[in-house]
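# Summary of the model geometry
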Amino acid sequence: MSKKVPFAIKETEYCPNCGAELVIRNGVHGPFYACSDYPSCHYLRPLKALGDGHIVKELDGQICPKCGFTLVLRQGRYGMFIGCSHYPECGHTELIDKPNDTSINCPQCQQGKLLQRKSRFGKTFHSCSRYPECQFTLNNKPVSGECLFCHYPLLIEKRISHGVKLFCASKLCSKQQPTEIEKDNE
């Protein structure tokens, strides 16, 4: 038996597999359409349209390079992005915030550059441009330089109670680097 839903269905829909009437059922992930001839037909469909991103604003003067239709600003599952207004026929998408290149070489693979990126939670981190071949990541801002203790080719900036200090980026060392004043006193 199906539960009552607090909204009305506009018209009766039928199962594309067997032709029986579709009813609204309630599951752990929310309401969905299911075939009323359930034991013999297992057809399911989400009640809401798939989250391809609803249109926030049409971008006048910007044209899709693939199909020639206008581009729109969309709100998707992982934030805002630019996409073609002729979706799903054209699947062109663009990022709003492109990763910033720090022009610092990756210390792990020595081939890629470190890029500033954002996690799905909005936190900023730095990773190698050759991902997924190289999976080097840092949570702090990288600074070009060499550790005075272990000679690792990268330093990171950390905020501590005494201000911003430089530390070795190697997880094995992680020592604070002496400042110019401390070097002069030695």
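Definitions and cut-offs
Residues numbered from 1 in each chain as written. Predicted model: local features only at pLDDT ≥ 70, side-chain atom pairs only at ≥ 80, totals over all residues. Heavy atoms only, no water. Helix = DSSP H or I, 4+ residues; strand = E, 2+ residues; numbered from the N terminus. Buried < 20%, exposed > 50% of the residue type's maximum accessible area, 1.4 Å probe, protein only. Polar contact = N/O pair within 3.5 Å; in protein donor to acceptor, adjacent residues only side chain to side chain. Contact = heavy atoms within 4.5 Å. Phe/Tyr/Trp six-rings, centres within 6.5 Å; stacked < 30°, edge-to-face > 60°. Lys NZ or Arg CZ within 6 Å of the ring centre and 35° of its normal.

Turning next to the side chain of His92. Locating His92 in the fold gives a position in the loop between β6 (79-84) and β7 (93-94). What makes His92 buried here is its relative accessible area of 12%. Polar contacts involving the side chain of His92 include one to the side chain of Glu94, which spans 2.9 Å. Residues within four places of His92 in sequence aside, it is in contact with Cys64, Pro65, Lys66, Leu71, Ile82, Gly83 and Cys84.

Turning to the side chain of Lys165, a few remarks are in order. With respect to the secondary-structure elements, Lys165 resides in strand β14 (residues 163-168). In this structure Lys165 comes out as buried when scored by relative accessible area, which is 18%. Each residue touching Lys165, except ones within four places of it in the same chain, is listed here: Ile156, Glu157, Lys158, Ile160, Gln176 and Thr179.

Scanning the entire structure with this criterion turns up zero aromatic pairs. The ring centre of Phe167 lies 4.9 Å from the NZ or CZ of Lys158, which sits over that ring. Sitting above the plane of the Phe149 ring, Lys175 keeps its charged end 5.1 Å from the centroid.

It is worth stressing that arrangement in space is one thing and function is another; only the former is reported here.
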